Amino acid sequence: MTEVIGALATEGVREDLLDLDERDSAAVLTELWEAEATVAPALLRVVPTVAAAVDDIADRLRGGGRMFYLGAGTPGRLAFVDASELPPTYGTTPDLVRALPAGGVEAMVQAREGAEDDGPAGAEMVRGAGVGPGDVVVGISASGRTPYVLHGLAEASSRGALTVAVSGNTGARASVGVDHAIEVPTGPEVISGSTRLKAGTAQKMLLGALSTAVMVRLGKTHGPFMVDMQASNVKLRDRAVRMVQRVTGCEAGRATEALEAAGWSTKVAVVMVLGDHDADRARELLAQGGDSVRGALARVRS
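For the structure given in this document, a descriptive report is provided here. (Residues numbered from 1 in each chain as written. Predicted model: local features only at pLDDT ≥ 70, side-chain atom pairs only at ≥ 80, totals over all residues. Heavy atoms only, no water.)

## Points about the packing of helix 4 (residues 47-62) against helix 8 (residues 198-217)
- Two elements in contact, helix 4 and helix 8, have axes whose closest approach is 9 Å; the angle formed by their N-to-C orientations is 50 degrees. As the angle between them shows, helix 4 and helix 8 are arranged oblique. Helix-helix and strand crossings are classified by hand; for helix 4 and helix 8 the assignment is right-handed. Where helix 4 approaches helix 8, its residues Val50, Val54, Asp55, Ile57, Ala58, Leu61 and Arg62 are matched on the opposing element by Leu206, Leu210, Ala213, Val214 and Arg217.
- Looking at the contact of helix 4 with helix 8 residue by residue, the class counts come to nine nonpolar, no polar and three charged. (Axes fitted to C-alpha atoms, helices over the stretch in contact; angles between N-to-C directions. Helix = DSSP H or I, 4+ residues; strand = E, 2+ residues; numbered from the N terminus. Parallel < 35°, antiparallel > 145°, perpendicular 65-115°, else oblique. Left-handed = near helix turned anticlockwise from the far one by under 90°. Contact = heavy atoms within 4.5 Å. Nonpolar A, V, L, I, M, F, W, Y, C, P; charged D, E, K, R; others polar.)

Next comes the structure, spelled out in structure tokens:
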């Protein structure tokens, strides 16, 4: 097993960096950031694969399903952050997208690296979450062979859930038997095996783009505006006023008035102003338009 792991590209050693610790700090930083610069091109090469996953995930969530992230170590922590940021940004319920990190929530503040080898725990985590046919499970692993993730994906598949595997190596074991296999080969790290670097950046960028694209498909945005955000503080309320102004062309006073009547729901306020409706009617139109501002406005114009 050691030989197999050592053969992975993410475990490789860059021979040109054998003197890295003898270089000055500027040179070390340059190497680190030049390596990071290779991540975005690698992600752009898998756009079609990720796009197909996004569309299938959106279909499941639109039908009442949920999405779960499975990960250990850095992937688990990155997944936890991504899932936790969706409710305030897009007004989702906390159970729509959840992270199921190896070692539990405690592993988010104190690393439990051994938890990644506990395959049965991954399967149990999926069972405990009540994953079913309408749900989605996304497994993230730099190596593509983390037992916790492999067992969790297998359990999710047996329950009829849509499965997505995100790996940092090609030909990953996690890619076998899943509905969508996303492989983003990031190669050897500047610090050999430290996959919180390039591989972690790829995971962070991929999860952020994946969840954002899904939110776009679910009508949580209007153009570039996050019209479903929770306007829970002064900064966000100011942003909500500016959004309503920008989308509708109304004055700040009118935007504030509509937002207050809408309970600070930006999308309701937008439909109120553009359609000259009260909040209740705007909510009805949104429901009829698939909870999308554009869909609701099509109802107004029809």
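Here the narrative resumes, following the displayed structure.
## So, the side chain of Thr248
- With respect to the element layout, Thr248 can be found in helix 9 (residues 234-248).
- A residue is classified by how much of its surface remains accessible, and Thr248, at 17% relative accessible area, is buried.
- A polar side-chain atom of Thr248 sits 2.6 Å from the main-chain carbonyl oxygen of Val244.
- One polar contact links the side chain of Thr248 to the main-chain amide nitrogen of Cys250, over a distance of 3.2 Å. (Buried < 20%, exposed > 50% of the residue type's maximum accessible area, 1.4 Å probe, protein only. Polar contact = N/O pair within 3.5 Å; in protein donor to acceptor, adjacent residues only side chain to side chain.)

## Quick notes on the layout of surface pockets
- Reported here for the second largest pocket is a volume of approximately 200 Å³.
- In this structure, the second largest pocket is lined by Leu43, Leu44, Val46, Val47, Val50, Ala51, Val54, Met205, Leu206, Ala209, Leu210 and Ala213.
- When residues of the lining of the second largest pocket are traced back to their parent elements, those giving at least two are helix 3 (39-44), helix 4 and helix 8.
- Looking at the lining of the second largest pocket element by element, the count peaks at five residues for helix 8.
- Grouping the amino acids of the lining of the second largest pocket by side-chain chemistry returns 12 nonpolar, no polar and no charged. (1 Å grid on protein atoms, 1.4 Å probe; cavity = no way out; pocket = protein on both sides within 12 Å on 5 of 7 lines; lining within 4 Å. Points joined across faces, edges and corners; volume = space filled by probe spheres on them.)

That's the geometry; what it means functionally is another story.
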